[in-house]
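If you want the building blocks of each chain, they are given just below.
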Amino acid sequence: MIIVEIVDSDIEPFVSSNNQKEKGAELIFNGRVRETEHGKKIKTLEYEQYEGMAKKELINIARETKKRFPVDDIFCRHRIGKVKVGEASLHVVIWSKHRKEGLEAMTFFIIELKKRVPIWKWAILKDGKKIPSKCNHE
Amino acid sequence: MIKIKLKCFSQVKYAFGKSEISYELKEGTTIKEFEKMVREKAKGRLDDVSMSVAINKQYISNNAEIKDGDEVAFIPPVQGG
């Protein structure tokens, strides 16, 4: 199963389960906002999306990930709008039979997300200025 | 003439101070010609910005001809996650 959501408030983690009989690995990734952006201290990041295209690209990547790796479920929530330092901007859960394919799928999914999904960060600096972030680590 | 919409994000939005700009272009204008025009209008503010292209919310990799009513976005390096 694939679930992809773009949300504009705190990310609610996907519900875990103790009742999976064939899924031996549950991988959880949370991406969080760091205090320093490009060497400058920030207060908040503001995530901007290309509405419609960002979600479509996330779904495409989830489908490609499932084709490439034998995983059962990919759940993803990406936050947009203002996200404070320390808060989660991305939450991904992948369920698979074994850990190896789950770990590989998680790596692939996140690398592709960072290459293709039209979402951008604006840094809100301590002095209140808002500038496009130059940070695009793969 | 054709009428199109340019969607602006991140550094493109910063360069123009707008999230959307309408243009009237000659029929047959290609993406590369339009990109050159947009970069010139940005007066140097997009010189060091590499950009992918999306038409109607779909990435394209060729030098497509822009059609009447298209929504074009020059996509600066993305930063999700």
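Going by the structure above, here's the rest.
Please read all numbers here as calculations on a predicted model, not as lab measurements.

Draft legend 1. How the structure looks around the nonpolar core. Residues and elements named next belong to chain A. Of all hydrophobic cores here, the largest spans 29 residues; its most connected members are Tyr47, Leu58, Cys76, Val92, Ile94, Phe109 and Val117. Secondary structure elements with two or more residues in this core: β4 (40–49), α1 (53–68), β5 (71–79), β7 (88–96), α2 (99–116) and β8 (119–125). The biggest single contributor to this core is α2, with six residues. Ignoring sequence-local partners within four residues, the contact set of valine 92 consists of Leu27, Ile28, Phe29, Phe75, Cys76, Met106 and Phe109.

Draft legend 2. Representation of the sheet that holds β7 of chain A within the structure. Residue and element names in this part refer to chain A. On the basis of which strands lie adjacent, the open sheet formed by four strands has the order β1-β5-β7-β2 and mixed pairing. Pairing within the sheet leaves two strands with one partner each, and these edge strands are β1 (2–7) and β2 (25–32). In this sheet, adjacent strand axes meet at a mean angle of 5 degrees when their direction is disregarded. Judged from the eight bridges that link them, β2 and β7 form a sheet pairing that is antiparallel. Directly across from alanine 25, in β7, lies its bridge partner serine 96. Contacting β1 and β5, α1 crosses the sheet at an angle of about 155 degrees to β1.

Rules behind the numbers
- Residues numbered from 1 in each chain as written.
- Chains lettered and ligands numbered in written order.
- Predicted model: local features only at pLDDT ≥ 70, side-chain atom pairs only at ≥ 80, totals over all residues.
- Heavy atoms only, no water.
- Core = buried A, V, L, I, M, F, W, Y, C linked by side-chain atoms within 4.5 Å.
- Buried < 20%, exposed > 50% of the residue type's maximum accessible area, 1.4 Å probe, protein only.
- Helix = DSSP H or I, 4+ residues; strand = E, 2+ residues; numbered from the N terminus.
- Contact = heavy atoms within 4.5 Å.
- Pairing = 2+ DSSP bridges.
- Axes fitted to C-alpha atoms, helices over the stretch in contact; angles between N-to-C directions.

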